[in-house]
Protein chains: 2
Amino acid sequence: MEDSPEHRPVHRETRFDADVARYAARAKGMVASEIRALFSVANRPEVVSLAGGSPNISGLPLDVVGSLLNELVVDHGTIAMQYCGAQGDPFLREQITDVMSQVGIDASPDDVVVTVGSQQALDLVTKIFCDPGDVVLCEAPSYVGALGVFAAYQCDVVHVEMDDEGLIPEHLENALARLTAVGRRVKFLYTIPSYHNPMGVSLGATRRSQILDICHRYDVLVVEDDPYGLLGFEGEPYRALRADDTARVVYLGSFSKTFAPGFRVGWALAPHAIRDKLVLAQESATLCPPTFSQFAVSTYLANHDWKGQIKSFREMYRERRDAMLESLADLMPATTKWTTPKGGFFVWVTLPEGIDSKAMSPRAVTARVAYVPGTAFYADGYGSQNIRLSYCLPPPDRIREGIRRLAAVVEREMELRETFGPLDSGRGEGVEFPGPEVQ
Amino acid sequence: MEDSPEHRPVHRETRFDADVARYAARAKGMVASEIRALFSVANRPEVVSLAGGSPNISGLPLDVVGSLLNELVVDHGTIAMQYCGAQGDPFLREQITDVMSQVGIDASPDDVVVTVGSQQALDLVTKIFCDPGDVVLCEAPSYVGALGVFAAYQCDVVHVEMDDEGLIPEHLENALARLTAVGRRVKFLYTIPSYHNPMGVSLGATRRSQILDICHRYDVLVVEDDPYGLLGFEGEPYRALRADDTARVVYLGSFSKTFAPGFRVGWALAPHAIRDKLVLAQESATLCPPTFSQFAVSTYLANHDWKGQIKSFREMYRERRDAMLESLADLMPATTKWTTPKGGFFVWVTLPEGIDSKAMSPRAVTARVAYVPGTAFYADGYGSQNIRLSYCLPPPDRIREGIRRLAAVVEREMELRETFGPLDSGRGEGVEFPGPEVQ
Ligand SMILES: Cc1ncc(COP(=O)(O)O)c(C=O)c1O
Ligand SMILES: Cc1ncc(COP(=O)(O)O)c(C=O)c1O
């Protein structure tokens, strides 16, 4: 612009040597998944993918949403396309308290912080609470995206056992007692009480109460992750943990499964002091969450029967869950076990003894069916006998076809095992991030 | 749902005691600004705000954008509202390489990572590179949002002096020599070469070349932040540092000032190895950047004369800059100095000796004019004699009125000073985050 061209530096041949030593220590916890390559194959149309966690949004009224967004831009574009406050739009935060009232939560919009999906809420909560080496208690298994966050902040994940009714209170108490005895610092319990990812199970009211009591006695914060809370197939939604403990629970919610994930609107509801820190963390992470996304969700909630839409999502997912459970019962070898989800997206399968789900995965993809190996959901290499199946995306007949293929693969595997003995795929490799398509 | 109501826990009165000791050490670096309260006052309509950094997007063709978004939802809604890859939409990344070609950059879409505004790019770069105590070199002064990020990751910011032609190469070399001699680990140089925030100045080609040479010799990474690069008022845009060094420079770009900030679409262009880490960091932070925002920007670029729009933004901002420079010359006390921006949004003012810009700020707001005190742009408490004025948002006549009010306040201040001597507002208070409305 102002200097003459001969001053321009010549192209430098020497490369910046981006060796590992230059990165922050936390970057070591960020590793790509081995199964990621598999997933690009799994996305081929001939493969039935029971792996993804993406919601089926084909039922949304696109014409309605399209014209609402058109109006939004024409009538309020200079606000909707401008920066906003880091805490998020006040009107949307009010609507979010309405949504949360469905799970028994009575909250003020003041205590809501809007985030880039609930994933970012997890990131910010961990960022403000966790120093390297701090302990986070998680269910065993737990949401892969949460494990990715905890790894990125160098937390020590301690898994607490679950059964078909969710997290087992006695095991939680034992873990806390043991950790306290050795002087470890437990920053929070991370839990998905309703329609668990990946297990599909839910905590009943008794256990919810017991878990709150235990966390109260050990003075431990609870991070309640609830993206599926409104997607139950029977009766009323579960009452959130946060509904019965306003001071100890940080509640995370999301519009990804009840509306659409592409706007990336989630939130955290937190006690005042924590909320303040979250707002500061949000400012430094993004300045503000996407204004346009917030207005889009807000206008959808205000002008469309969002509860009716959730009802039809529920019916669609129930039908798919039924298709999956029926075909599992019809087709899988007798020694296979699985959970019976009352909502959400996932069934957790325990394969017959000796089968390694990670080793089997490429063979399943060759047989044109994909799942997520159970090891993805543990920080410590467990889960090799498990797989997570999702019924959210494929239609019922494809689900049946997928289970048929999977059953055949498992049977082959059992035969192989009888011939050659069990294979070991190696434990304790740490958390791998399989990418957003897996979740 | 499944348990009877008597199992419901009673409301707990005891509070989770969110004392400081529970937070991560990094949370101490996240502090709210004292001037934030001032800003809510500054946003009152009777106040002329020369403080904000929000672009003036009133010139955007809202009808065009509205109907493009309507079409986007109706024709591609199930993709545009779904999760996408963590690196960002491939087609948008291709368009981003087109945008970058305007500043001389020849890049592959493969090396672009889409972020939630360039603010998030700054966050992710710092996250993957900086351990607590690592040194980041910044201009003196520097962008307040970057200082907020560096504080959140517990970096040590070392400021390098600038003059009216930007960062001074000799000072950079001295800083690196000094830090190397004492064995400090410099992770990167953070620089805004074109139309600096807050100084308004730009680096010429000679200095750009010298700075790249110095960073090459000391093997230091360069983070080039360029949100204003296409908003120059004279001739061709500056050639980006990245255009002449592909291996050592991470380039950050944004659509916030050339289109609209509310979609929160920015990006990082990085060498392969760093790009891989950034994608993993993005996955763990948000799963993926907002799909809808990306498609919105993409369809705008594809279907609208975006270069023409930038040209009219440029003309509008130049007119406002002229109004500001003229009124400063006409009205400010003789011993006041200021920079002459050739693009961007900001003028950096050095007040007459002995005036404290932070102490003066409430008095300015009382006189119905707002600015950002210079101390916001230093990690070390300097800048108390400076203020940042922005000409991006108010129309020319309001700018003139604002400068008239400001000049009166400064004159009063000089009189006070003559009567009572200089006031000290205290240095070295660390970085405060004044909120997204300031930037
Ligand atoms: C348990 C759980 N938490 C959080 C998320 C993140 O969702 P989002 O960031 O889209 O709100 C998911 C997504 O699948 C999930 O299953
Ligand atoms: C120098 C600089 N960098 C980065 C940003 C962040 O912009 P955004 O996150 O909207 O892209 C700004 C915003 O004002 C800025 O001035």
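Remember, predicted model here, so these are calculated numbers, not experimental data.

**Describing the overall build of chain A**
What chain A contains, in helices and strands, is twelve helices and 14 strands. Expressed as a percentage of the 439 residues in chain A, the buried residues total 64%. Counted over contacts in chain A with a minimum sequence separation of 6, partners at least 24 positions apart contribute 77%.

**Topic: the sheet that holds strand E13 (residues 372-373) of chain B**
Residues and elements named next belong to chain B. Within the open sheet, the four strands sit side by side as E10-E11-E14-E13. Their pairing is antiparallel. Whereas interior strands pair on both sides, the edge strands pair on one side only; in this sheet they are strand E10 (337-338) and E13. Of the pairings in the sheet, the one linking E10 to strand E11 (residues 346-350) comprises two bridges and is antiparallel in character. Each bridged residue has a counterpart across the sheet, and for Trp338 the counterpart in E11 is Val349.

**Some points on the relation of the copies chain A and chain B**
For the pair chain A and chain B, the best superposition has an RMSD of 0.0 Å and corresponds to a rotation of 180 degrees with a translation of 0.0 Å parallel to the axis. Here the symmetry operator amounts to a two-fold rotation axis. Distance from the rotation axis, computed per C-alpha, reaches its smallest value in chain A at Asn70 of chain A: 2.7 Å. When the interface residues of chain A are mapped onto chain B, 99% of them again lie at the interface, so the same face is used by both copies.

**Focus: the site of ligand 1**
Around ligand 1, the structure places 16 residues, and the nearest of them are Asp225, Tyr228, Ser254 and Ser256 of chain A together with Tyr83 of chain B. At the site occupied by ligand 1, the surrounding residues belong to chains A and B. Between ligand 1 and the protein, one listed contact pairs an oxygen atom with a side-chain N or O atom of Asn197 of chain A at 2.8 Å. In this structure, Ser254 of chain A approaches ligand 1 through a side-chain N or O atom, which is 2.6 Å from an oxygen atom. The leading source of residues in the shell around ligand 1 is helix H4 (residues 117-129) of chain A, at three residues. Of the residues in the shell around ligand 1, the class split is six nonpolar, seven polar and three charged.

**Here we look at the sheet that holds strand E9 (residues 265-269) of chain A**
Residue and element names in this part refer to chain A. Ordered by their spatial adjacency, eight strands build an open sheet running E2-E9-E8-E7-E6-E3-E4-E5, and the pairing between neighbours is mixed. At either margin of the open sheet sits one strand with a lone partner, and together these are strand E2 (112-116) and strand E5 (166-167). Both strand E4 (residues 156-163) and E5 contribute to a ladder of two bridges, which runs antiparallel. Note that in E5 the partner of Met162 across the bridge is Leu167.

**So, the UniProt feature "domain: Aminotransferase class I/classII large" (unreviewed entry) in chain A**
As recorded in UniProt, the sites labelled "domain: Aminotransferase class I/classII large" (unreviewed entry) are residues 78-406 of chain A. Structurally, residues 78-406 of chain A comprises 42% helix and 18% strand, and the distance from its first C-alpha atom to its last is 52 Å.

**Examining the pattern of salt bridges**
All told, the structure shown has 31 salt bridges over all chains when counted by the stated rule. Put simply, Lys127 of chain B and Asp123 of chain A hold a salt bridge, and the shortest N to O gap is 2.8 Å. Remark: Asp123 of chain A occurs in helix H4 and Lys127 of chain B occurs in helix H4 (residues 117-129); the pair is interchain, linking two chains. Asp123 of chain A carries the same exposure label as Lys127 of chain B, and that label is buried. Arg239 of chain A is the salt-bridge partner of Asp244 of chain A, the closest N and O atoms lying 2.8 Å from each other. On the accessibility criterion, Asp244 of chain A (8% relative accessible area) is buried. The network of salt bridges with common partners includes Arg22 of chain A together with Asp219 and Arg248 of chain B.

**A look at the packing of aromatic side chains**
The description of two aromatic rings rests on the distance between their centres and on the angle between their planes. For the structure on display, the rule yields 35 aromatic pairs over all chains. Between Phe259 of chain B and Phe263 of chain B the ring centres are 5.5 Å apart and the planes differ by 15 degrees, which places this aromatic pair in the stacked class. Overall, the relative accessible area of 1% leaves Phe259 of chain B in the buried class. With centroids separated by 6.3 Å and ring planes inclined at 45 degrees, the aromatic side chains of Tyr378 of chain B and Tyr382 of chain B adopt a geometry described as tilted. Note on Tyr378 of chain B: relative accessible area 11%, which makes it buried. Among the aromatic side chains, those forming a connected cluster through ring pairs are Phe259, Phe263, Phe292 and Tyr300 of chain A together with Phe259, Phe263, Phe292 and Tyr300 of chain B. Above the plane of the ring of Tyr23 of chain B lies Lys277 of chain A, whose end atom (NZ or CZ) is 5.5 Å from the centre.

**Focus: the pairing of E11 of chain B**
Looking at chain direction, E11 of chain B and strand E14 (residues 386-390) of chain B are connected through five bridges and run antiparallel. Within the sheet, the bridge partner assigned to Val347 of chain B lies in E14 of chain B and is Leu389 of chain B.

**Some points on the interface of chain A and chain B**
A common way to express how large an interface is: the accessible area buried when the components associate. Residue-level contacts link 117 residues of chain A with 117 residues of chain B. The contact between chain A and chain B buries some 10000 Å² in all, and 59% of this surface belongs to carbon and sulfur atoms. Counting the contacts that link chain A with chain B gives 40 residue pairs in polar contact (both at pLDDT 80 or more). Among the elements of the structure, helix H2 (62-80), H4, helix H5 (144-152), helix H7 (205-217), helix H8 (272-286) and helix H9 (291-303) of chain A are those that each provide at least two residues to the side of chain A that touches chain B. It is H2 of chain A that contributes the most residues to the side of chain A that touches chain B, twelve residues altogether. Looking at the side of chain A that touches chain B, its residues break down into 58 nonpolar, 31 polar and 28 charged.

**A look at the site of ligand 2**
Inspection of the region around ligand 2 gives 16 residues, with Tyr83 of chain A together with Asp225, Tyr228, Ser254 and Ser256 of chain B positioned closest. Around ligand 2, the neighbouring residues derive from chains A and B rather than from a single chain. Contacts to ligand 2 include Ser254 of chain B, whose side-chain N or O atom sits 2.6 Å from an oxygen atom. Side-chain polar atom of Lys257 of chain B to an oxygen atom of ligand 2: 2.7 Å apart, as the coordinates give it. Among the elements that take part in the shell around ligand 2, H4 of chain B stands out by supplying three residues, more than any other. Class assignment for the residues of the shell around ligand 2 results in six nonpolar, seven polar and three charged.

**Some remarks on the packing of H2 of chain A against H9 of chain A**
Residues and elements named next belong to chain A. Remark: H2 packs on H9, axes separated minimally by 10 Å, with the N-to-C direction vectors making an angle of 130 degrees. Of the possible angle classes, the one that applies to H2 and H9 is oblique. The two elements H2 and H9 meet at a crossing, and its hand is right-handed. Together, Val65, Leu68, Leu69, Leu72, Val73, Ile79 and Ala80 of H2 and Thr291, Phe292, Phe295, Ala296, Thr299, Tyr300 and Asn303 of H9 make up the contact between the two elements. Its residues placed into classes, the contact of H2 with H9 shows eleven nonpolar, three polar and no charged.

**Points about H4 of chain A**
The periodicity of an α-helix, 3.6 residues per turn, causes residues three or four places apart in sequence to face the same way. Between its terminal C-alpha atoms H4 of chain A stretches 19 Å, which fits the 18 Å expected from 13 residues at 1.5 Å a residue. Counting buried positions along H4 of chain A yields 13 of 13 residues, so the element is predominantly enclosed.

**As for the packing of H4 of chain A against H5 of chain A**
All names here are of chain A. Packing of H4 against H5 leaves a shortest axis separation of 10 Å and a crossing angle of 30 degrees. Comparing the axis directions of H4 and H5 gives the class roughly parallel. For the pair H4 and H5, the sense of crossing is right-handed. Each of Gln119, Leu122, Asp123 and Thr126 in H4 lies in contact with H5, whose residues at this interface are Gly145, Ala146, Val149 and Phe150. Its residues assigned to classes, the contact of H4 with H5 comprises four nonpolar, three polar and one charged.

**So, helix H5 (residues 144-152) of chain B**
Burial within H5 of chain B is extensive, with nine of its nine residues counted as buried. Residues Val144, Gly145, Ala146, Leu147, Gly148, Val149, Phe150, Ala151 and Ala152 of chain B constitute the buried set of H5 of chain B. Those residues of H5 of chain B that are buried are in contact with H8 of chain A together with H4, strand E3 (135-140), strand E4 (156-163) and strand E6 (186-191) of chain B. Gln154 of chain B sits one or two residues past H5 of chain B and shows a positive phi near 60 degrees.

**Observations concerning the side chain of Lys187 of chain B**
As for its placement among the helices and strands, Lys187 of chain B is situated in strand E6. Since its relative accessible area comes to 4%, Lys187 of chain B is described here as buried. A distance of 2.8 Å separates the side chain of Lys187 of chain B from the backbone oxygen of Arg22 of chain A, its partner in a polar contact. Look past the residues within four positions of Lys187 of chain B in its chain and what remains in contact with it is Arg22, Tyr23 and Ala24 of chain A together with Phe129, Cys130, Asp131, Asp134, Val135 and Leu221 of chain B.

The rules behind these values
Residues numbered from 1 in each chain as written. Chains lettered and ligands numbered in written order. Predicted model: local features only at pLDDT ≥ 70, side-chain atom pairs only at ≥ 80, totals over all residues. Heavy atoms only, no water. Helix = DSSP H or I, 4+ residues; strand = E, 2+ residues; numbered from the N terminus. Buried < 20%, exposed > 50% of the residue type's maximum accessible area, 1.4 Å probe, protein only. Contact = heavy atoms within 4.5 Å. Pairing = 2+ DSSP bridges. Least-squares fit on C-alpha atoms with pLDDT ≥ 70 in both. Near = heavy atom within 4 Å. Polar contact = N/O pair within 3.5 Å; in protein donor to acceptor, adjacent residues only side chain to side chain. Nonpolar A, V, L, I, M, F, W, Y, C, P; charged D, E, K, R; others polar. UniProt positions renumbered as here; feature names shortened; annotations may be inferred. Salt bridge = Lys/Arg side-chain N within 4 Å of Asp/Glu carboxyl O. Phe/Tyr/Trp six-rings, centres within 6.5 Å; stacked < 30°, edge-to-face > 60°. Lys NZ or Arg CZ within 6 Å of the ring centre and 35° of its normal. Buried area = accessible area lost by both parts, 1.4 Å probe. Axes fitted to C-alpha atoms, helices over the stretch in contact; angles between N-to-C directions. Parallel < 35°, antiparallel > 145°, perpendicular 65-115°, else oblique. Left-handed = near helix turned anticlockwise from the far one by under 90°. Expected span 1.5 Å × (residues − 1).

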